[in-house]
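Listed below, chain by chain, are the residues.
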Amino acid sequence: MCSHWVVLAFCCLGQLCADQSLKPRIAAPHLATNNPTLTTVALEKPFCMFDSSLYPNKSYVIYLYAMKESASAISSLVTDNSSKPLDSTFQQTSGGQLGPYKAALFKVPSCASPPKLADVGDINKVSAVLKQYLFRVGDDGTCLYDPNFLAVCNPPLAPDTTYRFKYVLLDSTEGIMKDQTLWSDPIKTRRVKLPLKIDTWPGRRSGDMIVITSILSVLVFLLLAGFLASVSSAVMGSDSSAETRCMSQTIQQSEPRPQLSSE
């Protein structure tokens, strides 16, 4: 099953390579369940996207930019006039409201050395294999509040908010952008569900849960009935014993005592 998932991932990534309008895509459901969450979005990494822009003896990295869909289109640029990527942070852009911020920096995924499919059968390696292909935006809940944090901050996203994402290929030697994707399609994080709106009607429960609940209710009823019956029996037995003792004493008192004759 796991090997089938990774094969599907390879197919999806191959389709990306063939597409001339490359852009970040949300991870497929079989690769990342519960995606998006309230504060995170799992994306497919730019696997094989920038191969045509890579040259020998050069060092490259990938920048991931994020911004809210409500941000102005004019402010969606991620480079300055000299093609240098912007270093805008989450705080400087009000969480992407004013424009793109740099959410991540990682190595260019290698097409030449994909994970071994034999490792997918090992449950201890599946997580590492998928991590090579997926990146979760909003996965760092501490970087904003750590004064000693110096890396690129990837703080939680806002719930019920629509975001767009972009990958940028940076030539580390020259410090300039060499290639970039289009902005992703809008991706919306989940909305917080108020407790009063949570549906607790039994119809929402599974059949197994209803059967188990019914059985437990019957057992509780039988135990309670047995307990009440035993208490009632004990009380009635006690009253009967007391009545018998009382009648015995009355009979003894009413019987005439024999008088002693005097000679």
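Quick caveat: nothing in here was measured; it's all calculated off a predicted structure. (Residues numbered from 1 in each chain as written. Predicted model: local features only at pLDDT ≥ 70, side-chain atom pairs only at ≥ 80, totals over all residues. Heavy atoms only, no water.)

As for helix α2 (residues 123–131)
Taken together, the buried positions of α2 are Val126, Val129 and Leu130. Projected down its long axis, α2 carries its buried residues within an arc of 90°, all on one side. Among the exposed residues of α2, those oriented more than 90 degrees off its buried face are Asn124, Ser127 and Lys131. (Buried < 20%, exposed > 50% of the residue type's maximum accessible area, 1.4 Å probe, protein only. Helix = DSSP H or I, 4+ residues; strand = E, 2+ residues; numbered from the N terminus. Arc of directions from axis to C-beta.)

A few points about the state of the cysteines
Where two cysteines share a covalent bond between their sulfur atoms, that bond is called a disulfide. Counted according to the given criterion, the structure contains one disulfide. A sulfur-sulfur distance of 1.9 Å marks the disulfide that ties Cys143 to Cys153. Torsion about the S-S bond of the Cys143 and Cys153 cystine: about 65°, corresponding to right-handed handedness. You can see Cys143 sitting in the loop between β4 (134–137) and β5 (162–171) and its partner Cys153 sitting in the loop between β4 and β5, a full ten residues away along the chain. (Disulfide = S-S within 2.5 Å.)

Concerning the nonpolar core
One broad trend across soluble globular proteins is that nonpolar side chains are buried collectively. One finds Leu43, Leu64, Val137, Leu157, Phe165 and Tyr167 to be the most contacted residues of the largest nonpolar core, which totals 22 residues. The set of elements that each furnish at least two residues to this core consists of β1 (41–44), β2 (60–68), β3 (101–107), β4 and β5. Once you skip the residues sitting within four places of it in the chain, Phe165 turns out to touch Pro24, Val41, Leu43, Leu64, Tyr65, Ala66, Val137, Leu157, Leu182, Trp183, Ser184 and Ile187. Core analysis: the next-biggest nonpolar cluster, separate from the first, contains ten residues, Val61, Tyr65, Met67 and Leu170 among them. (Core = buried A, V, L, I, M, F, W, Y, C linked by side-chain atoms within 4.5 Å. Contact = heavy atoms within 4.5 Å.)

A short note on the pairing of β1
Every second residue of β1 is oriented toward a common face, with Val41 and Leu43 on one face and Ala42 and Glu44 on the other, all of them buried. Direction of pairing for β1 relative to β4: antiparallel, over a ladder of four bridges. Across the sheet, the residue bridging to Leu43 is Phe135, located in β4. (Pairing = 2+ DSSP bridges.)

So, the packing of aromatic side chains
Centre-to-centre distance and the angle between the planes together describe a pair of aromatic rings. In total, this model carries six aromatic pairs according to the counting rule given. Look at Tyr63 and Tyr65: their rings are 6.3 Å apart centre to centre, the planes differ by 70°, and that puts the pair in the edge-to-face class. The two residues Tyr63 and Tyr65 agree in class, both being buried. An aromatic cluster is defined as three or more aromatic residues linked by ring pairs; in this entry it consists of Phe106, Phe135 and Tyr167. Directly above the aromatic system of Phe106 lies the positively charged group of Lys45, at a separation of 4.9 Å from the ring centroid. Directly above the aromatic system of Tyr63 lies the positively charged group of Lys102, at a separation of 4.1 Å from the ring centroid. (Phe/Tyr/Trp six-rings, centres within 6.5 Å; stacked < 30°, edge-to-face > 60°. Lys NZ or Arg CZ within 6 Å of the ring centre and 35° of its normal.)

Purely geometric numbers; function is a separate question.
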